[in-house]
Amino acid sequence: MCIRDRSKMGMQIVRDEGPKGLYRGLTCTVGGSLLSYTSYFLMYENLKKSFDVKNSKYKDFIPFITAFASSLISDCIYIPCDVVRTRMQLENNPYQYKHLVHGIRNIISKEGFRSCYLGGPTFFALDMLHGSFTFGFYELFSDRIKKNFRFSENEIENTLKVSLMSSSLAGAIAGFLTNPLDVMITRFQMVDTSQQKRLKLRQVVHDIYVNEGLKGFTKGLSGRVLYYSISSMILFSCYAVSYTHLRAHETPEHLVCRLLLEKKK
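Since this is a predicted model, take the numbers as computed values, not measurements.

Peer 1: So, the overall build of the protein chain: which residues are in play, and what are the values?
Peer 2: For the protein chain, the count of helices and strands is nine helices and zero strands. Buried residues in the protein chain amount to 38% of all 265 residues. The long-range fraction of contacts in the protein chain, counting pairs at least 24 apart against all pairs at least 6 apart in sequence, stands at 75%. In the form shown here, the protein chain has an accessible surface area of approximately 16600 Å², with 63% of it arising from carbon and sulfur atoms.

Laid out in structure tokens, this is it:
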């Protein structure tokens, strides 16, 4: 879908529902993201330390592995939020969920707990691959940029520049590579399992290919690439700058404690 078509769609939503129509599912997006990203970064940093990245000859591959594993934990939190968000954003929405908690309760009472994880295996595959690609390419590009570019003496400014460049590229590549799985997950999550049977992966792939061809797997590609390029740039830059700032202002006592803890690990 091109930018012009997206603009028309946006204007149509504003005309029909007002500006608030553009923010359907916002509570699910914000709530789910906060919980899942917090658990994700905690897992990622701890796993990366346990692998001793700096001294490993496989340092370029470790971020891919640790990000892949971290996604498994964060997805357990995020998938129910994403199911509710997807349903709240449907046109002519038949679900009428008021907010995230109401949506999850509604799904459990009408369709059972399993339905909170509609498309779960595919979602796990998507997010673990997406996280692996994003973090892996981010660390790879960051390392290359630091080696090949000259920077100022301001550490925080340097961190921001490196993070902006590497994260935007990493997010765009990850979004591009995982788009087909995202298309399939959307089809899974649109099914009301209280009225229809759960879809199977083979059936979803077959239906998309037969009815829309290979082009069907690229639906929303430009929007997904743009979204993850921008969101990764914001997320990673804020994280990297905050991490650098905290390290720069670390007291001697905290530094000693941290080094002792790391040595024990």
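Peer 1: Tell me about helix α2 (residues 26-51), and name the residues and values.
Peer 2: One turn of the α-helix equals 3.6 residues, which is why residues spaced by three or four share an orientation. The end-to-end C-alpha distance of α2 is 37 Å, a good match for the 38 Å that 26 residues give at a rise of 1.5 Å each. Residues of α2 that are buried: C28, G32, S33, S36, S39, Y40, F41, Y44, E45 and K48.

Peer 1: Which residues make up the confidence of the model for the protein chain, and what are the values?
Peer 2: Confidence in the prediction for the protein chain averages 79 pLDDT; 85% of positions are at 70 or higher. When pLDDT is averaged over each element of the protein chain, helix α4 (residues 100-111) comes out on top at 89 and helix α9 (residues 252-264) at the bottom at 49.

Peer 1: Could you give an account of the pattern of salt bridges, with specific residues and numbers?
Peer 2: For the structure shown, the criterion picks out seven salt bridges. D143 serves as the salt-bridge partner of R144, at 3.1 Å between the closest nitrogen and oxygen. One salt-bridge network, in which partners are shared between bridges, spans D143, R144 and K147.

Peer 1: For the environment of I208, give the residues involved together with the corresponding values.
Peer 2: When you line up the elements, I208 lands in helix α7 (residues 201-212). On the accessibility criterion, I208 (0% relative accessible area) is buried. Residues I208 and M184 lie 24 residues apart in sequence; the distance between their C-alpha atoms is 8.3 Å. Here I208 is in contact with V183, M184, R187, G213, G216 and F217, once residues within four sequence places are set aside.

Peer 1: With reference to specific residues and values, describe α7.
Peer 2: In this model α7 runs 16 Å from its N-terminal to its C-terminal C-alpha over twelve residues, within 8% of the 16 Å that 1.5 Å per residue would give. Looking one or two residues past α7, G213 carries a phi angle of roughly 75°, positive in sign.

Peer 1: Account for the nonpolar core, naming residues and giving values.
Peer 2: Soluble globular proteins tend to bury their nonpolar side chains together. Grouped together as the largest cluster of nonpolar side chains are 25 residues, with contacts concentrated most on V84, Y97, I107, M184 and I208. Looking at this core, the elements that each hand over two or more residues are α3 (62-88), α4, α5 (120-148), α6 (155-189) and α7. For this core, the leading source of residues is α3, giving six residues. If near-sequence neighbours (up to four positions away) are discounted, V84 is found in contact with C28, Y97, H99, L100, G103, I104 and I107.

Peer 1: Account for the state of the cysteines, naming residues and giving values.
Peer 2: Per the stated rule, a full pass over the model turns up zero disulfides. The thiol sulfur of C28 is not disulfide-bonded, and the nearest other cysteine sulfur, from C81, lies at 6.7 Å. Under the relative-accessibility criterion, C28 is labelled buried at 1%.

Peer 1: How would you explain the packing of aromatic side chains if you had to name every residue and give the values?
Peer 2: Taken as a whole and assessed by the stated rule, the structure comprises 13 aromatic pairs. Note on F64 and F137: the rings are 5.5 Å apart at their centroids and 80° apart in plane angle, and the pair reads as edge-to-face. Placement of the pair is F64 in helix α3 and F137 in helix α5, with a sequence separation of 73 residues. There is no split in this pair, since F64 and F137 are both buried. Judged by centre distance (5.8 Å) and plane angle (20°), the rings of F137 and F141 are stacked. Of this pair, F137 and F141 both sit in helix α5, separated by four residues, roughly a single helical turn. Through pairs of rings, three or more aromatic residues link up here, namely Y40, F41, Y44, F135, Y138, F236 and Y239.

Peer 1: I'd like a rundown of the packing of α3 against α5, residues and numbers included.
Peer 2: Relative orientation of the contacting elements α3 and α5 amounts to 135°, with a least axis distance of 7 Å. Taken together, the axes of α3 and α5 are oblique relative to one another. The chirality of how α3 crosses α5 is right-handed. Broken down by class, the residue content of the contact of α3 with α5 amounts to 15 nonpolar, six polar and four charged.

Peer 1: Tell me about the side chain of S74, and name the residues and values.
Peer 2: Mapped onto the elements, S74 comes out in helix α3. Separated by 3.2 Å, the side chain of S74 and the backbone oxygen of S71 make a polar contact. Not counting chain neighbours up to four residues away, the residues in contact with S74 comprise S36, S39, Y40 and D127.

About the criteria used
- Residues numbered from 1 in each chain as written.
- Predicted model: local features only at pLDDT ≥ 70, side-chain atom pairs only at ≥ 80, totals over all residues.
- Heavy atoms only, no water.
- Helix = DSSP H or I, 4+ residues; strand = E, 2+ residues; numbered from the N terminus.
- Buried < 20%, exposed > 50% of the residue type's maximum accessible area, 1.4 Å probe, protein only.
- Contact = heavy atoms within 4.5 Å.
- Areas by Shrake-Rupley, 256 points an atom, 1.4 Å probe, with all protein chains shown as cover.
- Expected span 1.5 Å × (residues − 1).
- pLDDT = per-residue confidence, 0-100.
- Salt bridge = Lys/Arg side-chain N within 4 Å of Asp/Glu carboxyl O.
- Core = buried A, V, L, I, M, F, W, Y, C linked by side-chain atoms within 4.5 Å.
- Disulfide = S-S within 2.5 Å.
- Phe/Tyr/Trp six-rings, centres within 6.5 Å; stacked < 30°, edge-to-face > 60°.
- Axes fitted to C-alpha atoms, helices over the stretch in contact; angles between N-to-C directions.
- Parallel < 35°, antiparallel > 145°, perpendicular 65-115°, else oblique.
- Left-handed = near helix turned anticlockwise from the far one by under 90°.
- Nonpolar A, V, L, I, M, F, W, Y, C, P; charged D, E, K, R; others polar.
- Polar contact = N/O pair within 3.5 Å; in protein donor to acceptor, adjacent residues only side chain to side chain.

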